[in-house]
Amino acid sequence: EEIHADILIISNKYKKVALSHRMADCPVLILEDRKIGKTAIAHCGIYHINRGLPQALIEEMINNQGSNPENLYLYIGSYIHKESYIYDTYPKQATNKDIWKDAIEKEKDGYHIDLLKAITNQIEKYNIKEVVISPINTADKNNNYASHYEVVHGNNNKLGQNIVGFYYK
């Protein structure tokens, strides 16, 4: 079933029901509270990051689901890394200066976008128990992962979608 939402939450009473999101370069965040048995998922593209969705994900779990930040485990799925994500001009989507602090750097070949830094800028104030970050750069030169950025720049071998998700056993 396809459900349109910024944040989707499921409890551990729904065994073997997978929550997942398709993606190509944008990280999918999975936030789990093992103590209360709830997990949230959110797709975080540049627009979502700019409007504070990573922070909203954490605040949803704390303010509306009853989580304690010290019981939260965050997984940041595969994404396009800073060395691969380059704009020729400053990205117009990056309007929130606090979120993008030290996350966009002008180099000789253009503006390098660090999605991970923009996410960590939002979550660092919370005392999250554990943060695990996927090492996978979707735009790397192997063809194991789809990358929208690479396709737009002529590498049709990276055409497709990836999927990131979870379920309770």
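Residues numbered from 1 in each chain as written. Predicted model: local features only at pLDDT ≥ 70, side-chain atom pairs only at ≥ 80, totals over all residues. Heavy atoms only, no water.

Engineer: So what exactly am I meant to see when it comes to the packing of aromatic side chains here?
Structural biologist: Each pair of aromatic rings is reported with the distance of its centres and the angle of its planes. Counted under the stated rule, the structure contains four aromatic pairs. A ring pair is formed by Y90 and Y111, whose centres lie 5.8 Å apart and whose planes are at 80°; its orientation type is edge-to-face. With Y90 in the loop between β6 (86-87) and β7 (104-107) and Y111 in strand β8 (residues 110-113), this residue pair connects regions lying 21 residues apart in the sequence. Classification of Y90 by relative accessible area gives partly exposed; the value is 33%. Ring plane angle 90° and centroid distance 6.4 Å describe the contact between F166 and Y168, whose orientation is recorded as edge-to-face. Exposure remark for Y168: the relative accessible area of 12% places this residue in the buried category. Members of the aromatic cluster, each reached through a chain of ring pairs, are Y85, Y87 and Y149. (Phe/Tyr/Trp six-rings, centres within 6.5 Å; stacked < 30°, edge-to-face > 60°. Helix = DSSP H or I, 4+ residues; strand = E, 2+ residues; numbered from the N terminus. Buried < 20%, exposed > 50% of the residue type's maximum accessible area, 1.4 Å probe, protein only.)

Engineer: How should I be thinking about the pattern of salt bridges in this particular structure?
Structural biologist: Between side chains of opposite charge, a pair can form as their charged atoms come close. According to the stated counting rule, one finds five salt bridges in the structure shown. For E105, the salt bridge is made with K82, and the minimal N-O distance between the two is 2.8 Å. Taken together, the positions of E105 in strand β7 and K82 in the loop between β5 (72-76) and β6 put the pair 23 residues apart, joining distant regions of the chain. By relative accessible area, which is 34% here, E105 ends up partly exposed. (Salt bridge = Lys/Arg side-chain N within 4 Å of Asp/Glu carboxyl O.)

Engineer: Is there a simple way to explain the sheet that holds strand β1 (residues 8-11) in this structure?
Structural biologist: For sheets, the rule is that strands pair by backbone hydrogen bonds, running either parallel or antiparallel. Reading across the sheet, the five strands line up as β1-β4-β3-β5-β9 and stay open at both edges, with mixed pairing between neighbours. Each edge of the sheet is formed by a strand with only one pairing partner; in this case those strands are β1 and β9 (130-133). Between one strand and the next, the sheet's axes are offset by a mean angle of 15°, whatever the strand orientation. Sheet topology places β5 next to β9; four bridges connect them, and they run parallel. (Pairing = 2+ DSSP bridges. Axes fitted to C-alpha atoms, helices over the stretch in contact; angles between N-to-C directions.)

Engineer: How should the sheet that holds β7 be read in this particular structure?
Structural biologist: Overall, antiparallel pairing links the three strands, which are arranged β6-β8-β7 in an open sheet. A single partner strand is all that each edge strand has here, and the edge strands are β6 and β7. Both β6 and β8 contribute to a ladder of two bridges, which runs antiparallel. Paired with Y87 across the bridge in β8 is Y111.

Engineer: In this structure, what is going on with the side chain of H81? I would like to understand it.
Structural biologist: Relative to the elements of secondary structure, H81 occurs in the loop between β5 and β6. Contacts of H81, omitting those with residues within four sequence positions, involve I113, S134, P135, I136 and N137. (Contact = heavy atoms within 4.5 Å.)

Engineer: I keep staring at the nonpolar core and nothing clicks. Help me out?
Structural biologist: The tendency in soluble globular proteins is for nonpolar side chains to be buried as a group. In terms of nonpolar packing, the biggest core is built from 35 residues, with I49, L74, Y85, W100 and I113 touching the most fellow members. For this core, the secondary-structure elements that each account for two or more residues are β3 (28-33), β4 (38-43), α1 (46-50), α2 (53-63), β5, β6, β8 and α3 (115-123). Counting residues per element, this core draws most heavily on α3, which supplies five residues. The contact partners of I113, leaving out residues within four places of it in the chain, are I46, H81, K82, Y85, Y87, P91, W100, A103 and I104. Listed in part, the nine residues of the second largest apolar core include I10, M23, V28 and I41. (Core = buried A, V, L, I, M, F, W, Y, C linked by side-chain atoms within 4.5 Å.)

Engineer: So what exactly am I meant to see when it comes to unusual backbone geometry here?
Structural biologist: Phi is mostly negative for residues that are not glycine, and the peptide bonds are mostly trans. A positive phi angle is found at K16, which is not glycine, with a value near 60°. Among the secondary structure elements, K16 is positioned in the loop between β1 and β2 (19-23). Looking at K16, the relative accessible area reads 69%, which means it is exposed. Notably, D102 is not glycine yet its phi reads approximately 60°, a positive angle. Structurally, D102 can be placed in the loop between β6 and β7.

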